[in-house]
Every structure is written in structure tokens, then in C-alpha cells.
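Listed below are the residues making up each chain.
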Amino acid sequence: MKKILTYLEENLEEILMVILLGAISLVIFAQVIARLFDKGFPWAEEFCRYCFVYTGMLSAGYCIRKGVGIRVDAIYGFFPKALQLVIDYAGKILLTVIYAYLAWGSIGLISITTNLSTAIQLPMKYVYMAIPLGFGLGTIRGVQDLILFTKKNLAEKEEN
């Protein structure tokens, strides 16, 4: 059980994104085949759009987990190592705080939404749940990243 939980902790966003992108591919393929026979799915485009939204929001946590954020390195390399470390910490803390703020702030949007989607007739609050879910996972991954970054730097400090 512990191996399964560890695997999910390391790969949760990636698994979910692969499932969603696979679903998009299957539905689009089925839609193309159905249109060859003058039959189409009126819900296919909407379904794929919502899967894409969830994929995009899940990528926030995934990018933090894999360490592939956007950063301007042109000036960063000229700073001394100690200042680079401070900039890294400040950037990680700022990103985590922003994600937490956006996750918390988006929860209110879900509670006031009563619309239904056009083709699927899905309550839009389920679509809007992608926002706090994505930023919430991003917040969790940001905290994990800060902890791992701190442990790594403390271990390097002890070695020196």
C-alpha cells in the first residue's frame, strides 16, 4: 500500500493528465469516424474542451513537481551563489502563496455558479472546480518543493 501511495504522490498529476488527454484523443477520433457516416456527437467538442481545461489546471502542480517553471536566467547567473539561493527561496514562496490565494479565492466561484453547459448539461461548477483543484495541487506541490529545497540546501551546507 505504501508503494502505491508513494507512486501516486510522485505521479498523480501526470496520471490524471494522461487519462484526460487520452480521453480527448479517443473522443476526437470517434467524432471523426462518426462524421464520416454523417453522424456526430453534439457533446464531443464541449467534453474535450473541459478535459483540456482540467489538463491545463493540473499542469500547475506538475510543473512545480518536475521543476520546470519559467525563470529569466540572463541576469540570475551574475549574482553570487548566496543571493541566487535567496532569489530561489523567494520565488518558490511567492509562487506557493499566489497559488494558495488563487485556490482559496476560486472556491467562492463554485458556490455561486448555477449554469449548465450547453451540450452535456453538466453543472458548470464541476468545470470550475478545475481552478481550485489545480491551484490547490500547485500549493501542495509548492510546499513540498520548499521542503525538499530546504533539505537539499541544508545537506549541502553540512557537507561543506
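Every value quoted in this text rests on a predicted model; they were computed, and no experiment measured them.

**Student:** I keep staring at the overall build of the protein chain and nothing clicks. Help me out?
**Tutor:** What the protein chain contains, in helices and strands, is six helices and zero strands. Element order for the protein chain, N to C, with α for helix and β for strand: α-α-α-α-α-α. Its C-alpha atoms give the protein chain a radius of gyration of 20 Å, more than 25% over the compact-globule value 15 Å for 160 residues. With respect to the three principal axes, the spread of C-alpha positions in the protein chain is 70 × 40 × 35 Å. Out of the 160 residues in the protein chain, the part that is buried amounts to 27%. Here the protein chain has roughly 11,200 Å² of accessible surface; of this, 71% comes from carbon and sulfur atoms. Between the mean site of the 15 positive side-chain charges and the mean site of the 13 negative ones, the protein chain shows a separation of 3 Å.

**Student:** Is there a simple way to explain the packing of helix H4 (residues 81-112) against helix H6 (residues 130-159) in this structure?
**Tutor:** The geometry of H4 relative to H6 is characterised by a closest axis approach of 8 Å and an angle of 160 degrees between their N-to-C directions. Between H4 and H6, the interaxial angle falls into the category roughly antiparallel. Along this stretch, H4 crosses H6, giving a crossing that reads as left-handed. Of the residues contributing to the contact of H4 with H6, the split by class is 16 nonpolar, eight polar and three charged.

**Student:** Sorry, what's going on with unusual backbone geometry here?
**Tutor:** In most cases, non-glycine residues show a negative phi, while peptide bonds are predominantly trans. Although it is not a glycine, Asp38 sits at a positive phi angle of roughly 60 degrees. Looking at the secondary structure, you find Asp38 in the loop between helix H1 (2-36) and helix H2 (44-66).

**Student:** Please explain the nonpolar core as it appears in this structure.
**Tutor:** One recurring pattern in soluble globular proteins: nonpolar side chains tend to sit buried together. Core analysis: the biggest nonpolar cluster contains nine residues, these being Met17, Leu20, Ile24, Val27, Ala44, Cys48, Cys51, Leu58 and Leu137. Discounting residues that sit within four places of it in the chain, Leu58 has contacts with Glu13, Leu16, Met17, Leu20, Leu133 and Leu137. With seven residues, the next largest nonpolar core counts Ala60, Ile64, Tyr99 and Ala103 among its residues.

Definitions and cut-offs
- Residues numbered from 1 in each chain as written.
- Predicted model: local features only at pLDDT ≥ 70, side-chain atom pairs only at ≥ 80, totals over all residues.
- Heavy atoms only, no water.
- Helix = DSSP H or I, 4+ residues; strand = E, 2+ residues; numbered from the N terminus.
- Rg over C-alpha atoms; globule rule 2.2 N^0.38 Å.
- Buried < 20%, exposed > 50% of the residue type's maximum accessible area, 1.4 Å probe, protein only.
- Areas by Shrake-Rupley, 256 points an atom, 1.4 Å probe, with all protein chains shown as cover.
- Lys, Arg positive; Asp, Glu negative; His and termini not counted.
- Charge placed at Lys NZ, Arg CZ, Asp CG, Glu CD.
- Axes fitted to C-alpha atoms, helices over the stretch in contact; angles between N-to-C directions.
- Parallel < 35°, antiparallel > 145°, perpendicular 65-115°, else oblique.
- Left-handed = near helix turned anticlockwise from the far one by under 90°.
- Nonpolar A, V, L, I, M, F, W, Y, C, P; charged D, E, K, R; others polar.
- Core = buried A, V, L, I, M, F, W, Y, C linked by side-chain atoms within 4.5 Å.
- Contact = heavy atoms within 4.5 Å.

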